[in-house]
Amino acid sequence: MLHCIPDILEYAELKKIRDAIAGGDFKDGKLTAGYRAKRVKNNLQMDRDSASAQEIKSMVMKGLKRNKTFQEAALPRTIRPPLISRYSSGMNYGWHVDDALMAGEPRVRSDLSITVFLSGPEDYQGGELVISSPFGEQEVKLPAGAAVVYPSATLHQVAPVTDGERLAAVTWARSYVRDATQREILADMLAIQKKLSAIAPDEPETDLAFKTYSNLLRRWSD
Ligand code: NI
């Protein structure tokens, strides 16, 4: 299941982020790629230890933490600090799967991959995030400030940018619920309980919907 979530970042935050990026130091993206992904990774990444990168990371993390839609869909337990990537004309990131265990101490299992778009679709040509799914390839290109959240288990690529510049923050989360199907059932159940709560607040079945959601979450979370 793929979630497109608008307004992770506000306009003022995006402006600050773009200013920080303009004065930032960028390095070859291959430096942070696994040995197979290195073959196909052709982008630039902001020096992760620089002061500007730290400032951007903290704004993106704040945006993810305060967004209710993201919290409910992803049920994040740990979110890795984001990487800031830049694709100029001719750059791309070919088909790959993200590492299962991300670097750090302790290493963090990646259940969900997250791209927060820092450029708008009007800023570049090409550069779609393409995710392979049982329903075919899904192409994603969202407004600046929006995010896409998708299972890290998928093969995906960033298509070549043919004009302009694509800026994005990418990161990964370990979810309290590892299994994507279980997360989808929980999201459906949450929608049902919210609706029942609004239209039939005093019915005992509304309590049952809340009970079912809570007990599934209790059973499946770790
Ligand atoms: Ni990836």
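Cut-off values and rules
- Position numbers for residues count from 1 along each chain, tracking the sequence in the order it is written.
- Reporting in this predicted model follows two pLDDT cut-offs: at least 70 for local features of residues, and 80 or more for side-chain atom pairs to be given and counted; totals over whole chains, interfaces and linings ignore these cut-offs and use all residues.
- Based on all heavy atoms of the structure, the side-chain values leave hydrogens and waters out of the count.
- The way it works is that DSSP assigns letters per residue, a run of H or I at least four long becomes a helix, a run of E at least two long becomes a strand, and they are numbered from the N terminus.
- The size measure is the radius of gyration over C-alpha atoms, and the globule rule it meets is 2.2 Å times the number of residues to the 0.38 power.
- Categorising residues by exposure relies on relative accessible area from a 1.4 Å probe, with only protein chains included: less than 20% of the type maximum marks a residue as buried, more than 50% marks it as exposed, and the intermediate range marks it as partly exposed.
- Residues count as neighbours in contact if any of their non-hydrogen atoms are within 4.5 Å of one another.
- Surface accessibility follows the Shrake-Rupley procedure with a 1.4 Å probe radius. Residue values consider only the protein chains on display as shielding.
- Distances define the donors: N, O and S atoms within 2.8 Å of the metal qualify, as do those within 3.2 Å of Na, K or Ca. Water is excluded, so some sites may look unfinished.
- Definition of a polar contact: a pair of N or O atoms within 3.5 Å, with one able to donate and the other able to accept a hydrogen when the atoms are protein atoms, and with sequence-neighbouring residues admitted only if both atoms are side-chain atoms.
- Strand pairing is assigned whenever DSSP detects at least two bridges linking the two strands.
- These domain limits were set by an automatic method or by a database of domain assignments.
- Buried area, as used here, totals the accessible surface that two parts lose on assembly, with accessibility defined by a 1.4 Å probe and the loss added over both.
- Throughout this description, the term salt bridge denotes a Lys or Arg side-chain nitrogen within 4 Å of a carboxyl oxygen of Asp or Glu.
- Classification used: nonpolar for Ala, Val, Leu, Ile, Met, Phe, Trp, Tyr, Cys and Pro, charged for Asp, Glu, Lys and Arg, polar for all others including Gly.

## What to know about the overall build of the protein
(1) Moving on: Scanning the protein from terminus to terminus reveals five helices and 17 strands.
(2) Moving on: Against the globule reference of 17 Å for 222 residues, the protein gives a C-alpha radius of gyration of 18 Å, in line with a compact fold.
(3) Moving on: Expressed as a percentage of the 222 residues in the protein, the buried residues total 46%.
(4) Moving on: Intrachain contacts of the protein at a sequence separation of at least 6 include 76% that bridge at least 24 residues.
(5) Moving on: A total of about 11,600 Å² of accessible surface is found on the protein, and carbon and sulfur atoms cover 53% of it.

## Observations concerning the coordination of the nickel ion
(1) Moving on: Taken together, the protein donors to the nickel ion comprise His96 (NE2), Asp98 (OD) and His156 (NE2), at separations of 2.1 to 2.2 Å.
(2) Moving on: When the donors of the nickel ion are listed by position in the chain, the intervening gaps give H-x1-D-x57-H. Taken together, the positions of His96 in strand S7 (residues 92-96) and His156 in strand S15 (residues 156-158) put the pair 60 residues apart, joining distant regions of the chain. Neither residue differs from the other here; His96 and His156 are each classed as buried.

## Structural notes on the side chain of Arg86
(1) Moving on: Tracing the chain through its elements places Arg86 in strand S6 (residues 83-87).
(2) Moving on: Owing to a relative accessible area of 17%, Arg86 belongs among the buried residues under this scheme.
(3) Moving on: Within the structure, the side chain of Arg86 is placed 2.9 Å from the side chain of Glu165, a separation counted as a polar contact.
(4) Moving on: Arg86 has contacts with Ile21, Phe26, Asn43, Leu44, Met91, Glu165, Arg166 and Leu167, leaving out every residue within four places of it along the chain.

## Notes on the sheet that holds S7
Each strand in a sheet pairs with another by means of backbone hydrogen bonds, the pair being arranged parallel or else antiparallel.
(1) Moving on: With antiparallel pairing, five strands are arranged side by side in an open sheet as S3-S7-S15-S12-S13. Edge positions in the sheet fall to strand S3 (41-42) and strand S13 (136-140), since each has one partner strand and no second.
(2) Moving on: Inspection of the sheet shows strand S12 (residues 129-133) paired to S13 by five bridges, in the antiparallel sense. Looking at S13, one finds that Ile131 is bridged to Gln138.

## A short note on the domain arrangement of the protein
(1) Moving on: Considered domain by domain, the protein is made up of domain 1 (3-175) and domain 2 (180-220).
(2) Moving on: The C-alpha-based centres of domain 1 and domain 2 are spaced at 31 Å.
(3) Moving on: Around 530 Å² of area is buried between domain 1 and domain 2 when both sides are counted, 61% of it from carbon and sulfur atoms.
(4) Moving on: In terms of surface lost to domain 2, no three residues of domain 1 exceed Glu72, Ala73 and Leu75, which account for 63% of the buried area on that side.
(5) Moving on: Put simply, domain 1 and domain 2 have one salt bridge between them.
(6) Moving on: Counting across the interface, domain 1 meets domain 2 through one residue pair in polar contact (both at pLDDT 80 or more).
(7) Moving on: Looking at the side of domain 1 that touches domain 2 element by element, the count peaks at four residues for helix H3 (residues 68-74).
(8) Moving on: A class-by-class count of the residues in the side of domain 1 that touches domain 2 yields five nonpolar, one polar and three charged.

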